[in-house]
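As a plain string of letters, each chain reads:
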Amino acid sequence: MTSRLKIAIVIAAIAALAIVVPFTSSFVILLATRALAFSILVMSLDILLGFAGLASLGQAAYLGVGAYMTAILATRYQFGLGYDFWLVVVLGMLLGAALAALFGLLAIRATGVYFLMITLALGQCVWGLAYRWNSLTGGDNGINLGVRPKFGIDLADQVTFFYVVLCFFALSLFAMYVLVRSPFGRSLAGIRERELRMKILGYNTWLHKYIAFVIAGAFGGLSGVLWAHTAGIISPVNVELTTSVDALLMAVLGGAGTLVGGVIGAFIVVALREYLSTLVPWWQYVLGAVYVLTIFYLPSGLMGLPERIRRHGGALGKREKLSAAPS
């Protein structure tokens, strides 16, 4: 499948969402909005996981700081509820990038399981602050956002807010796609495959990974700003390890190193979680089985399924030719 065809399919899928979702129920609109907002976080993680080869368990920290900043400014200072919402978006990205810049100084020098554990520890530090700093974050009770921004258009309307989140998602996908297709993105892929060779070629591999880490944090902060208004409540649950694990598993389920795969994974997990939870109390086991089966039988994720089918078909064709050949 050519790159142009893939781009055309993605554009068609986004257009289909824009056309179909507003004519569904309010519950489906809410789920789609949540999936889109969380997809930005998953794609930001995929920059690290799929292109730089860095599996992070602290990505929820950037969603958390963006979401808490949005909630605190809105509830305490009524800031970000008008045209200043756009300034909050910028501030959320800058805050996510600043936190990633700090964490990156500690984490990037490590690799493999050590990087995983450091990002886990740093993410838990943010969770601890959210849980213990009651005067600022509300502690375990969190912060409730009573209203959404209104600036010519009213984001309290579900359909309007869905379209705003969809636009942010599309712009984020485009920006990250340009990033990974650029020479910088190609360098990240080279570092993922053989870091020593890239060092020999003269690349500053630490700096490349550090910049990718900061960029991923910025998009994580953006996801947090949107998530705050999508969920309407921010609590330590949004910053805990489970959120980072969800993002990691969504990226793996859809296909790491594809960006779009993470979006597919996010939509599948959100849909399964919300639907199965209404049917059976043990829905977590079903979702866990989906993850395990994907890792065992589709290690490249759902995005790798067409290629797997093509190879399987080619192998069958060769066997048929060999069996039909005269002995």
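Now for a quick tour of the structure. (Residues numbered from 1 in each chain as written. Predicted model: local features only at pLDDT ≥ 70, side-chain atom pairs only at ≥ 80, totals over all residues. Heavy atoms only, no water.)

### Focus: the packing of helix H2 (residues 26-51) against helix H10 (residues 205-231)
Phase 1: Packing of H2 against H10 leaves a shortest axis separation of 8 Å and a crossing angle of 170°. Compared by their axis directions, H2 and H10 come out roughly antiparallel. Residues Leu-30, Thr-33, Arg-34, Ala-37, Phe-38, Ile-40, Leu-41, Ser-44, Ile-47 and Leu-48 of H2 lie in contact with H10, whose contacting residues are Ala-212, Phe-213, Ile-215, Ala-216, Phe-219, Gly-220, Leu-222, Ser-223, Leu-226, Trp-227, Thr-230 and Ala-231. (Axes fitted to C-alpha atoms, helices over the stretch in contact; angles between N-to-C directions. Helix = DSSP H or I, 4+ residues; strand = E, 2+ residues; numbered from the N terminus. Parallel < 35°, antiparallel > 145°, perpendicular 65-115°, else oblique. Contact = heavy atoms within 4.5 Å.)

### A short note on helix H7 (residues 158-181)
Phase 1: A rise of 1.5 Å per residue sets the reference length of H7, with its 24 residues, at 34 Å; its end C-alpha atoms lie 34 Å apart and thus fit the reference within 8%.
Phase 2: Within H7, burial applies to Phe-161, Phe-162, Val-164, Val-165, Leu-166, Phe-168, Phe-169, Ser-172, Leu-173, Met-176, Leu-179 and Val-180. (Expected span 1.5 Å × (residues − 1). Buried < 20%, exposed > 50% of the residue type's maximum accessible area, 1.4 Å probe, protein only.)

### Notes on the nonpolar core
If you look at soluble globular proteins, the nonpolar side chains tend to sit buried side by side.
Phase 1: In terms of nonpolar packing, the biggest core is built from 92 residues, with Phe-38, Met-43, Phe-103, Phe-169, Phe-213, Ile-234 and Leu-259 touching the most fellow members.
Phase 2: When residues in this core are grouped by element, the largest group, 14 residues, is from H2.
Phase 3: Residues in contact with Met-43, not counting those within four places in the same chain, are Phe-169, Ser-172, Leu-173, Met-176, Leu-259 and Val-263. (Core = buried A, V, L, I, M, F, W, Y, C linked by side-chain atoms within 4.5 Å.)

### Re the pattern of salt bridges
Phase 1: Enumeration according to the criterion identifies three salt bridges in this entry.
Phase 2: For Arg-192, the salt bridge identified is with Glu-193, shortest N-O distance 2.9 Å.
Phase 3: Exposure remark for Arg-192: the relative accessible area of 35% places this residue in the partly exposed category.
Phase 4: Of the charged contacts, one joins Arg-273 and Asp-246 as a salt bridge, the two residues approaching to 3.1 Å between their closest N and O atoms. With a gap of 27 residues between them, Arg-273 in helix H12 (residues 260-276) and Asp-246 in helix H11 (residues 241-254) connect regions that are remote in the sequence.
Phase 5: Assessed through its relative accessible area of 13%, Asp-246 is described here as buried. (Salt bridge = Lys/Arg side-chain N within 4 Å of Asp/Glu carboxyl O.)

### Brief notes about H2
Note that an α-helix has 3.6 residues per turn; residues three or four places apart therefore point the same way.
Phase 1: Helix length check: H2 (26 residues) gives 36 Å between terminal C-alpha atoms against 38 Å at 1.5 Å per residue, within 8%.
Phase 2: Remark: the principal bend of H2, roughly 30°, maps to Leu-45.
Phase 3: Burial within H2 is extensive, with 21 of its 26 residues counted as buried. (Bend = angle between axes of the 7 residues up to and from the residue.)

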